[in-house]
Structures are given as C-alpha cells and as structure tokens.
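Close look at the chain arrangement
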Amino acid sequence: MDRIAALGCARLRWPLLGSRVVCFGLGPHRARAKASISKALPATETAEAPGTGPGDRRPRGLEELPGPGKLRFFFQLLMQGYVLHLHHLQVLNKAKYGPMWITRIGSQTYVHLASAPLLEQVMRQEGKYPIRDDMDLWKDHRDQQGLAYGPFTMQGQRWYELRQVLNQRMLKPDEAALYADVLNEVIDSFMARLKQLRGESASGDQVPDIAHQFYHFSLEAICYILFEKRIGCLERSTPQDTKAFINSVGLMFRNSLYATFLPKWTRPLLPFWKRYLDGWNTIFSFGKKMIDQKLKDIEAQLQTAGPDGVQISGYLHFLLNGRQLSPHEAVGSLSELLMAGVDTTSNTLTWALYHLSKSLKIQEALHEEVVGVVPAGQVPQHKDLAHMPLLKAVLKE
Ligand code: HEM
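Residues numbered from 1 in each chain as written. Predicted model: local features only at pLDDT ≥ 70, side-chain atom pairs only at ≥ 80, totals over all residues. Heavy atoms only, no water.

Before going further, it helps to spend a moment on the overall build of the protein chain. If you tally the helices and strands in the protein chain, you get 16 helices and four strands. The buried share of the protein chain, taken over its 397 residues, is 45%. Put simply, 66% of the contacts in the protein chain that link residues at least 6 apart link residues at least 24 apart. (Helix = DSSP H or I, 4+ residues; strand = E, 2+ residues; numbered from the N terminus. Buried < 20%, exposed > 50% of the residue type's maximum accessible area, 1.4 Å probe, protein only. Contact = heavy atoms within 4.5 Å.)

In structure tokens form, the structure reads like this:
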C-alpha cells in the first residue's frame, strides 16, 4: 500500500501514523503527487530537492523520489532511537532530500511532504469524502474490543454521515460561541492555578513547564465541553482517574510508534502492543464512565420532569438526547474527539507564547488590543473576538 503523508500538518505527534493528510492507492494519488511537485513548490523549495535543478519542472514518480533505504530507515528508527523523536528525523530528512521524500517500512510506503504549498495542494484537491490514512492501528484496537469507530477511524460516506452529526454544536467555528461560559470558567481556574504555581516558585513569578500546564488546561476544557464535567486537572493534586487517563494517552502514543514500525508477528512477543491496547482501554473506559454518568442524569431528569422538561445542557447531552448517537457510538466518537482536542490546543498555545516571548513589540500590541476590547474586570465574550484581529493572527501563526 502506498501513502502520501504530510509533514507540516499540525498533527506531527502522529507522523506516519495518523497524519490526516494521507492518501492511499497508487493510481490517482501517484498522479496527484506528480502534479504537485512542479506546480506547488516555490522556486526556493524545488531547488532544494536533489534532482530538481532550476528549470527542471518534470513531474517525478514514486520510484524517483529520494529517501533512506528500508534498512537504513529501520536502523534510524530503532537503533538510533528516532522512533520517539520522529520530528528530528523529519528535519534531518528535509535538509537531506528536500521537501518531498519517501520512506518504506514493511509493506507500507510513505511520501512525506515538508512544504506548506505542497500540503495546500493536496488538501485543495479533496472531494466530498477526503481520503485519509486508514488508521489501521486504531481500528485494530476498536475491532479487538468491539468498540465503535469515531471521526478519525471512519471513512467515506459513513464518515460523512458521522460528521453531519458531530458538526452540530461543535466542529464549526461559529458553534464555539456556545461554549464561551464553559471556557471562561476553566480559564478562571487556570489563572488561579498559574498564580498558585508562580507563588510557589523560588523566584515567586515563574511557572515551571508551561506546556504541561497548558496540557492540563486543554484537557480540563475539552472534557468540560464534551462531557459537561470538571475532571480536576487544574487542582493542586490531580484526581487518580484523571492522572491514569493522562498517563494512558502517553502510553498509547508512545507504544503506537513501536507498533507501527514493528512487524505484526512481534505483537505477542514484545511488550509494546499490549501497552498500546492498555492505553486505549483506559482512554475508552474514561469516556465510557463519563457517558454512563450522563445517561444516569438524563434518566433521572426524565423521571422527575418528563420528556418535555428535560433541558439540553451540553454537547454529550445533545447527542444522546436526540438519539443522534447511541451510547455505544458516543463512546467511539467522544474518545476520538478527546484525543483531537488536547495536545493540538496545548501545543498551539505553547508555541504562541514562545513566539510572543521573542517579540516584545507584538506582545505589547496584543496586550493593548485585548485590554482595549475587554478592560480589566470584564469577562470576555465570543463577540469580542471579532474585534481582536491580532489575537486571531497570533493563534493562526
Ligand atoms: C489549535 C488546536 C487544533 C489544531 C491545530 C487542530 C488541527 C487539526 C488538523 C490539522 C486536522 C486534520 C484536518 C484534516 O484532516 O483535514 C484536525 C482534524 C480534526 N480535529 Fe482538530 N485541531 C485543533 C483542535 C481541535 C479541537 C479542540 C477539536 C474538538 C474536540 C478538534 C477536533 C478535530 C476532529 C474531530 C478532526 C478530524 C476531522 C475528520 O477527519 O473528520 N480539533 N485538527
């Protein structure tokens, strides 16, 4: 099976694994890839690629793409330890091979794109049902445990239908307005937590490991949005099952890398596959517990107020109440949404702060913009965002 994988996609934590700009099937994608190279790359990018000298606009096929041989790639991953540092390997490979290169492992072939224009071109040619990585590794887990697929594991028409359901009240930018109060509440707790950490630091004003703090903030916020429940990530001491959930996400991602690159026959022999499944099982049981709790609440409301007296409180309630999703389907989809919303958000915030810290001028301009729209003591509302173009630009950047 051949795939076109995109580097530069925000989902670098799943490089080669779950990168969402991934296609399979030789015929049309091969043709697309060929078209992309000459048309999409700026002159400086094409010139970097060996064999693509100035004026050489000839489309190349898979067999002509540069890249490490199978053995070398295997050695880099497992002997040199890049399996847990794929981002470093991507940087090295881009420097060596240019913005488009190929790697092969087992029966899989990956074409890496390390250029925004190339990625843009791949994404712009998508039809109604975009073709993505088949997420075999994730599906293996769902199939083994009899769980429903979510938006990342479904494909084609079924994916489309699921997205029609999930998009309501969630995956469209305007719908974010629904969650302003929920987010403001979590932000208040986050600010209190930061104040606490600063107070406890040696200098009295430092927050150790802000990326970690943002992870806790994002997880708290997304759980509150999805499950309508606070899970205690911003408390001084994180509750035990929340801690177990956080650890299981790391466990699943780390071991999924080994499981991707090692042949299937090693699964019962080496510890990685079992750890990978254990990680997922904890993630799903966390989601299931939340959903079961919500179902109990809905049942209790029905008993006391009758069907017309039930107030839709949030996303999960909306999905379950209108029978948009069965509880079984909700566990599959919400667990994947949970995976989608946490480190994407926290990494984006961390990088935004990093870049702001390096540009005092932009930092000051941003502060001025924000306090100009929302003076101290006033609670920000969704409508305020429309008056903060610089904030939007900073986050997009
Ligand atoms: C700054 C934060 C985020 C970034 C940078 C980000 C980035 C991305 C990217 C690059 C994709 C792949 C797009 C594609 O395949 O066409 C994606 C897909 C997705 N994201 Fe996000 N995301 C973020 C936050 C969130 C949040 C908060 C949620 C909600 C829980 C979410 C839910 C999803 C879902 C469900 C998909 C899969 C779409 C599908 O294939 O049906 N993301 N995201």
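Glancing now at unusual backbone geometry. At Asp 209, a position not held by glycine, the phi torsion is positive, near 50°. Within the fold, Asp 209 resides in the loop between helix H8 (180-200) and helix H9 (210-227). Non-glycine residue Glu 228 carries a positive phi angle of around 60°. Position of Glu 228 among the secondary structure elements: in the loop between H9 and helix H10 (240-261).

It is worth spelling out the packing of helix H14 (residues 343-358) against helix H15 (residues 360-373) at this point. Running from N to C, H14 and H15 point in directions that differ by 115°, and their axes come no closer than 5 Å. Looking at the two axes, H14 sits roughly perpendicular to H15. Residues Leu 356, Ser 357 and Lys 358 of H14 form the contact with H15, whose participating residues are Leu 360, Ile 362, Gln 363 and Leu 366. For the contact of H14 with H15, the class distribution of residues is four nonpolar, two polar and one charged. (Axes fitted to C-alpha atoms, helices over the stretch in contact; angles between N-to-C directions. Parallel < 35°, antiparallel > 145°, perpendicular 65-115°, else oblique. Nonpolar A, V, L, I, M, F, W, Y, C, P; charged D, E, K, R; others polar.)

Taken as a whole and judged by the stated rule, the model has eleven aromatic pairs. Taking 5.6 Å as the distance between ring centres and 90° as the angle between the ring planes, the aromatic pair formed by Trp 351 and Tyr 354 counts as edge-to-face. Taken together, the residues span about one helical turn, with Trp 351 and Tyr 354 both in helix H14 at a distance of three residues. With relative accessibility at 40%, the residue Tyr 354 sits in the partly exposed group. (Phe/Tyr/Trp six-rings, centres within 6.5 Å; stacked < 30°, edge-to-face > 60°.)

A large share of strand S4 (residues 108-114) lies buried, amounting to six of its seven residues. Where strand S3 (residues 100-105) and S4 come together, six bridges link them in antiparallel fashion. Within the sheet, the bridge partner assigned to Ile 102 lies in S4 and is Val 111. The turn joining S3 and S4, which pair antiparallel and follow one another in sequence, is formed by two residues; a positive phi near 55° is taken by Gly 106. (Pairing = 2+ DSSP bridges.)

Moving on: the confidence of the model for the protein chain. Summarising the model, the protein chain shows a mean pLDDT of 84, and 86% of its residues fall at 70 or more. Between the elements of the protein chain, mean pLDDT differs from a low of 30, seen in strand S2 (residues 23-24), to a high of 97, seen in H15. Across residues 1-52, where pLDDT falls below 50, the model places 151 contacts with residues more than four positions away in sequence or in other chains. (pLDDT = per-residue confidence, 0-100.)

Looking now at a nonpolar patch on the surface. Taken together, the side chains of Leu 183, Ile 187 and Met 191 make up a nonpolar region of the molecular surface, amounting to roughly 230 Å² of accessible area. You can see Ile 187 is positioned in helix H8. You can call Ile 187 partly exposed: its relative accessible area is 33%. (Patch = residues over 30% accessible without salt bridge, like charges linked within 9 Å, V, L, I, M, F, W, Y side chains within 5 Å. Areas by Shrake-Rupley, 256 points an atom, 1.4 Å probe, with all protein chains shown as cover. Salt bridge = Lys/Arg side-chain N within 4 Å of Asp/Glu carboxyl O.)

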